[in-house]
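A look at the structure
These are the residues of each chain, in order.
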Amino acid sequence: MRRSNPRIQRQERQVRSLLRDNRIACPPVPVEIIAQTLGIDVKYEATDDDLSGALIRKPEGVVIGVNSTHHSNRQRFTIAHEIAHFILHKGIKLHVDEDFRVNLRDGSVNIEEIEANAFAAELLMPTEFVERETQRLGRIDQRGVENLARRFQVSSRAMEIRLTNLGLATPL
């Protein structure tokens, strides 16, 4: 099921371009390599658990900082999320993600975080790849979600949300 939201369509095109330029045709998407081809240096360091990552733009280069204490699936999401900020939000010099909050204390929402999360989901679980893999599997039950999550190197919960958002499964 294709979505008609122009922002989502633009993000899907941007991700398709990244995948094509990097000759990526199947999961798991190597997000660290994509970052490197974009000229971004990825650094890992242990930090507070609620700090997921950061995008730092300096005259000497761009760095994505990743919390080395987080699970590898979470680290992959952090890299994809920061790549999204790099591509979508060019004016930001420093962006720090503390648990990827989209709801602010005053009740408003952070559109940039919503966009970055959606881009990261598309990069880690590209629509075309997910559709192809779900057709191969047939019926999607909890075991299927877990198999897909392993294949894409994401959490089962992230895969479940992605499948639901793409209209390929109902919430389990």
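Structure first, text after, so check above.
The paragraphs below set out a description of the structure included in this document. (Residues numbered from 1 in each chain as written. Predicted model: local features only at pLDDT ≥ 70, side-chain atom pairs only at ≥ 80, totals over all residues. Heavy atoms only, no water.)

1. A few points about the nonpolar core
Ranked by internal contacts, the top residues of the largest apolar core, which has 41 residues, are Ile83, Phe119, Leu123 and Met159. With eight residues, the top contributor of residues to this core is helix α3 (residues 72–88). The contacts of phenylalanine 119, once residues within four sequence positions are left out, are Gln11, Gln14, Val15, Leu18, Ala80, Ile83, Ala84, Ile87 and Leu88. (Core = buried A, V, L, I, M, F, W, Y, C linked by side-chain atoms within 4.5 Å. Buried < 20%, exposed > 50% of the residue type's maximum accessible area, 1.4 Å probe, protein only. Helix = DSSP H or I, 4+ residues; strand = E, 2+ residues; numbered from the N terminus. Contact = heavy atoms within 4.5 Å.)

2. Overview of helix α6 (residues 142–152)
Where α6 is concerned, the buried positions are Gly144, Val145, Leu148, Ala149 and Phe152. Down the axis of α6, the buried set is contained in an arc of 140°. They therefore lie on one face. Away from its buried face by more than 90 degrees, α6 exposes Arg143 and Arg150. In the stretch just after α6, glutamine 153 is the one whose phi turns positive, near 55°. (Arc of directions from axis to C-beta.)

3. Quick look at unusual backbone geometry
Backbone torsion omega between proline 27 and proline 28 reads -5°, so that peptide bond is classified as cis. Along the chain, proline 28 falls in the loop between α1 (6–21) and α2 (31–37). Look at arginine 23: it is not a glycine, yet its phi comes out positive at around 55°. Assignment of secondary structure puts arginine 23 in the loop between α1 and α2. Accessibility expressed as a relative area gives 78% for arginine 23, which makes it exposed. Although it is not a glycine, glutamine 153 sits at a positive phi angle of roughly 55°. Note on placement: glutamine 153 falls in the loop between α6 and α7 (156–165). Relative accessible area serves as the criterion here: at 35%, glutamine 153 is assigned to the partly exposed category.

4. Structural notes on the environment of leucine 166
Mapped onto the elements, leucine 166 comes out in the segment after α7. Through-space distance from the C-alpha of leucine 166 to that of threonine 127 is 7.5 Å; in sequence the pair is 39 residues apart.

5. Digging into the pairing of strand β3 (residues 61–67)
Examined bridge by bridge, strand β1 (residues 40–45) and β3 share six bridges and lie parallel to one another. In the strand pairing of β3, valine 42 is matched with isoleucine 64. Here six bridges tie strand β2 (residues 53–58) to β3, and the two strands are oriented antiparallel to one another. Residue isoleucine 56 lies in a different strand from β3, and its bridge partner there is valine 63. Where β2 hands over to β3, the hairpin turn is made up of two residues, counted between the paired strands. (Pairing = 2+ DSSP bridges.)

That's the geometry; what it means functionally is another story.
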